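Below are the chains, spelled out letter by letter.
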Amino acid sequence: MLPIVDIPTIQYIIKEAVASGIEEILIITNSNKHCMENHFDRSYELESRLEESNKLEERDMICEIANMANIYYVRQKEPKGLGHAILCAKSFIGNDPFAVLLGDDIVENHGGKPALKQLIEAYNEVEASIVGVQTVPEDEVYKYGIVEPSKESEPVGRRVKLSSMVEKPKCEEAPSNMAVLGRYVLTPEIFNFLEMQTPGAGGEIQLTDSIKSLMISQAVYAYDFEGIRYDAGDKFGFIKATIEYALEREDLQNKLHTYLKELVKTF
């Protein structure tokens, strides 16, 4: 719920999902996240007050948030990792392929397709699980799940078949510098492996480990999606996202431009 300028991070994530054609959204939450549920619910009293005050633009914005998609919630009772969080969605997903978007990864692709839509289109071409990746500096691979492209299959555009994955490897042991960055389209068979998955890195149920097991029976691909990714869970990433989104706002960009120019002079 941390705001980028004045919009909660999760709202950017849901906006991307909706723009990619997703209509049913399940948010994995916990007992401390009531504010998230309230944010996407209707607030008739607030809407009425805004209308009475002739703040029609603000009223319409509140209504738009509530009508973005059909949003459901399920609680992850214990913080056992991303793999366990996804397993909490099993009954909601059923036997359909599904998308995963991490709540602290914002991707902006100005003038192009949303990152998730790129992955969905790649999935439709191969009907196999797709993980969204981008290239990261070699000295930062230890922060991410890193993919290993197959040596037996040539890349097709931005899509490449995978032979393995590893969660947060040492820099010298990383099979590539292509990092998984918060976007997935997965087949429902992943749940079979998540249910059997033992704790991995950090003592958590790692999605990476289960995807690696899935590769034994199904093809899994990486797609190098287009767009600028902001890690809102990182202090610098959060600051960077706030500045760059503010520079796009007509009500803020001129003031911020002026401020940044004056600030640079002090360096």
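Structure first, text after, so check above.
Being a predicted model, the structure only gives us computed values, none of them experimental. (Residues numbered from 1 in each chain as written. Predicted model: local features only at pLDDT ≥ 70, side-chain atom pairs only at ≥ 80, totals over all residues. Heavy atoms only, no water.)

## Topic: unusual backbone geometry
Turning to step 1, where the next piece is worked out: Backbone geometry at Glu-127 places phi at a positive 50 degrees, although glycine is not the residue there.
Turning to step 2, where the next piece is worked out: With respect to the helices and strands, the residue Glu-127 is situated in the loop between α7 (115-126) and β7 (129-135).
Turning to step 3, where the next piece is worked out: Phi at Lys-168 is positive, roughly 50 degrees, even though this residue is not glycine.
Turning to step 4, where the next piece is worked out: With respect to the helices and strands, the residue Lys-168 is situated in the loop between β9 (159-167) and β10 (178-186).
Turning to step 5, where the next piece is worked out: Note on Lys-168: relative accessible area 48%, which makes it partly exposed. (Helix = DSSP H or I, 4+ residues; strand = E, 2+ residues; numbered from the N terminus. Buried < 20%, exposed > 50% of the residue type's maximum accessible area, 1.4 Å probe, protein only.)

## A closer look at the side chain of Glu-16
Turning to step 1, where the next piece is worked out: Among the secondary structure elements, Glu-16 is positioned in helix α1 (residues 9-19).
Turning to step 2, where the next piece is worked out: Setting aside chain neighbours within four positions, we find Glu-16 in contact with Leu-101, Val-107, Pro-114, Ala-115, Leu-116 and Arg-183. (Contact = heavy atoms within 4.5 Å.)

## Concerning helix α10 (residues 235-247)
Turning to step 1, where the next piece is worked out: Taking 1.5 Å as the rise per residue, α10 with 13 residues should run 18 Å; its terminal C-alpha atoms sit 19 Å apart, in good agreement.
Turning to step 2, where the next piece is worked out: For α10, the full list of buried residues reads Gly-237, Ala-241, Tyr-245 and Ala-246. Around the axis of α10, the buried residues are gathered within 155 degrees of arc, so they sit on the same side. Turned more than 90 degrees away from the buried face of α10 sit Lys-235 and Phe-236, all of them exposed.
Turning to step 3, where the next piece is worked out: Turning to α10, the residues buried within the fold contact β1 (3-4), α1, β6 (105-108), β12 (228-231) and α11 (253-264). (Expected span 1.5 Å × (residues − 1). Arc of directions from axis to C-beta.)

## Considering the packing of aromatic side chains
Turning to step 1, where the next piece is worked out: As enumerated under the stated definition, the model contains four aromatic pairs in all.
Turning to step 2, where the next piece is worked out: Relative to Tyr-245, the ring of Tyr-12 lies with its centre 4.8 Å away and its plane at 55 degrees, an arrangement referred to as tilted. You can see Tyr-12 sitting in helix α1 and its partner Tyr-245 sitting in helix α10, a full 233 residues away along the chain.
Turning to step 3, where the next piece is worked out: Here Tyr-72 and Phe-92 contribute two aromatic rings whose centre-to-centre distance is 5.5 Å and whose plane-to-plane angle is 55 degrees, an arrangement assigned as tilted. Placement of the pair is Tyr-72 in strand β4 (residues 70-75) and Phe-92 in helix α6 (residues 90-93), with a sequence separation of 20 residues.
Turning to step 4, where the next piece is worked out: Taking the relative accessible area as the measure of exposure, Tyr-72 reaches 36% and is therefore partly exposed.
Turning to step 5, where the next piece is worked out: Judged by its relative accessible area of 35%, Phe-92 is partly exposed.
Turning to step 6, where the next piece is worked out: One aromatic cluster is present, formed by Tyr-12, Tyr-230 and Tyr-245 through successive ring pairs.
Turning to step 7, where the next piece is worked out: Over the aromatic face of Tyr-221 sits the side chain of Arg-159, whose NZ or CZ is 5.5 Å from the ring centroid. (Phe/Tyr/Trp six-rings, centres within 6.5 Å; stacked < 30°, edge-to-face > 60°. Lys NZ or Arg CZ within 6 Å of the ring centre and 35° of its normal.)

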